[in-house]
Amino acid sequence: MYLRHSRIRKDGKTHTYWRLVRSVRRAGKVVQETVAQLGELDAEGRAKARALARTITGRSEQRELFEDSARDDPPVPVRLQQVRLERGRAFGDVWLGWTLWRALKLDEVLARLVPEGREAVPWATMAAILVVARLTEPSSELHIAETWYRGTALEDLLALPVPLVNDDRLYRALDRLLPHQDALLQHLVARLGELFGLEYDLLLYDVTSVYFEGLADSNPLAQRGHSRDHRPDCKQVCLALVVTRDGMPVGYEIFAGNRTDVTTVEEIVEAMEARYGLAQRIWVMDRGMTSADNLEWLRETGRRYLVGTPKSELRKWARALADARDWQTVRDGVEAKQCGGPDGVETFVLIRSVERREKERAMQERFARRIEERLTRLGRRVQQARRPLDVRRLERQVGRLLEQNQRAAARYVIEFVADPTRPAGVRPMQRCCAPPTICIASSSSPNRSGRN
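A few points on the structure. The numbers attached to residues start from 1 for each chain and follow its sequence in the written order. The predicted nature of this model means local features are confined to residues of pLDDT at least 70 and side-chain atom pairs, given and counted, to a pLDDT of 80 or more, with totals for whole chains, interfaces and linings taken over all residues. Remark: hydrogens and water are excluded; side-chain values derive from all non-hydrogen atoms of the structure.

Right, let's talk about the pattern of salt bridges for a bit. Think of a salt bridge as a Lys or Arg side-chain nitrogen and an Asp or Glu carboxyl oxygen that are within 4 Å of each other. Scanning all chains against the criterion turns up 16 salt bridges. Of the charged contacts in the structure, one is a salt bridge between Glu 346 and Arg 299, with a shortest N-O distance of 2.8 Å. Placement of the pair is Glu 346 in the loop between β10 (334-340) and β11 (347-353) and Arg 299 in helix α10 (residues 292-300), with a sequence separation of 47 residues. Through salt bridges that share partners, Arg 22, Arg 26 and Glu 33 make up one connected network. Secondary structure elements are defined from DSSP: runs of H or I of at least 4 residues count as helices, runs of E of at least 2 residues count as strands, and each element is numbered from the N terminus.

Where the residue is not glycine, phi is negative for most of them; where a peptide bond is considered, it is trans in most cases. One non-glycine residue with positive phi stands out, namely Asp 11, at about 55°. Mapped onto the elements, Asp 11 comes out in the loop between β1 (2-10) and β2 (13-26).

Next up on the list: the sheet that holds strand β3 (residues 29-39). For two strands to pair, DSSP has to find at least two bridges joining them. Read across the open sheet, the 3 strands follow the order β1-β2-β3; overall the sheet is antiparallel. The sheet is open, and its two edges are formed by β1 and β3, each paired on a single side. Between one strand axis and the next, the sheet turns by 40° as a mean value, whatever way the strands run. One ladder, built from 9 bridges, connects β2 with β3; its direction is antiparallel. With axes taken as lines fitted to C-alpha atoms, and helix axes fitted only over the stretch in contact, angles between N-to-C directions fall between 0 and 180 degrees.

Right, let's talk about the side chain of Arg 275 for a bit. Summarising the element assignment, Arg 275 is placed in helix α9 (residues 265-276). Only protein chains enter the area calculation, which uses a 1.4 Å probe; residues under 20% of their type maximum are buried, those over 50% are exposed, and those in between are partly exposed. In this structure Arg 275 comes out as buried when scored by relative accessible area, which is 11%. When sequence neighbours within four positions are dropped, the list of residues in contact with Arg 275 reads Gln 181, Asp 182, Leu 185, Gln 186, Gly 251, Tyr 252 and Glu 253. We call two residues in contact when some of their heavy atoms are within 4.5 Å.

Put into C-alpha cells, the structure is as follows:
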C-alpha cells in the first residue's frame, strides 16, 4: 500500500486530497484500488498514514536484508521550507587527486626527500594540497588557504584541520620542494613510464610566458619581454616545457622574461640530457626556435630534430607545393610529402591542409570566373567599337582587373595587338596556354605588349 494524491481547484484555491491505494491484479492487468479516502493531510498526517499502511500490510514486522530490526522510532514531521544545507564540501575531484597522488607514489618519495621534523604539518602533506588544488581549481596560495581548502573534503581525507592550512605554510612548502626539483622530475618520468608505457624517443619543446601583477623587484628573472598573454605592461618569466608525444611533461626550466626563444634551445637540450642521459631522441620545435646557429649546433652534435621552417623559406618550395605528385594522407584533412634539401643534408617535410587546399581552389575558381566575365565584356566592347580605342587605357583596365582578383591573376596572360583593319584599332584574340596555367589574350599593339 502507498499514498496517492490528487489536486482539485475549488473557489480559487488548490486543494490536495490524499488516499490510500493498493495494487491488485484483475483480468491479467495490475490496477490501483482505493482502500481509504484520507482527505487533506499535513506532513504529520502523511507520516502517520504511511505508518498505518506498513502496519496493515505487515511491513512493520518484516524487515529487509541488512535492515536494522531495532528501529521502532515514531515518524517525526519535518518542515522542508526550513531545511538548509550548511558547509557543503566538494569530494569527488579532491578524492581523485589524492588517489592519483598516491598512485604516483609521490607521498613515498617526498617522505624520503623531505622527512618529517618539528613542523606542525609534514611538508609532504602541504605539497599534496598544492598539487591537488592545481589539478582541481588552479588559483593562488592565498585563495587555497582562505577559500578553496575549507570548501573541500581534504580536511577529512588528510585529517588536517582548516586552521593549520595558511598561505605562509603553503609558500614555505614551495621553497622546501624547489631543491628537490630534479629528483621529483626523474621519479615522475620513471613512474609515468611504468604506469602508461610512455616512450621518450620524441620530445616536444616550447616556451610560454607567465606575467606578474606587481613590481616583482625581488625576482631577478622577472623582466619585460614578448608577452604571449598580451600584457606588455607587466613583468614576466619564460616557462620552457618539454613533453612527450602523448603530452606528458618530462621537464621544465624558468628563463628571464626578456629571453628570446631561439636562445634557449642549447640550454634546454643539454639540461634534459644531463637529467635523463643521452639517447637518440628527436626534438620537435616550432619555427620560433629555428636559427642557423641552432640547426648547425644540432647537426654537429649528431642530434636529430624536426623544426618548423620560417615562412620565408616557403618561396623556395612553391613548385613542390604546386606539384600534385607524391602527396600522402597522414590523417584526415592533412597531406604531406618529403623533399630533399638543396644541400642534401636535411630532409624537408611539406605539409598542407586538404580543406584549405580545396577552399583555396574554390576561391581561385571564383576569381577566375570574375576575370573571364570581365574579359568577355571587354572583348565585346572592342569588337563593337566604332572609333579607335586607347591601348594604354585598356591595359590599365586589365591591370586593375587582375589586381582586384589576385588569387587567380597568375593564370592569365593578356596582350593587346594592333589591327588597323578594325574601327577600334585592336583585334580581340584569345589563346590558351598549357595547364595548369590558363592564358586569355586579347589583341594588343605590336610595338607595345604588357604582361600582368
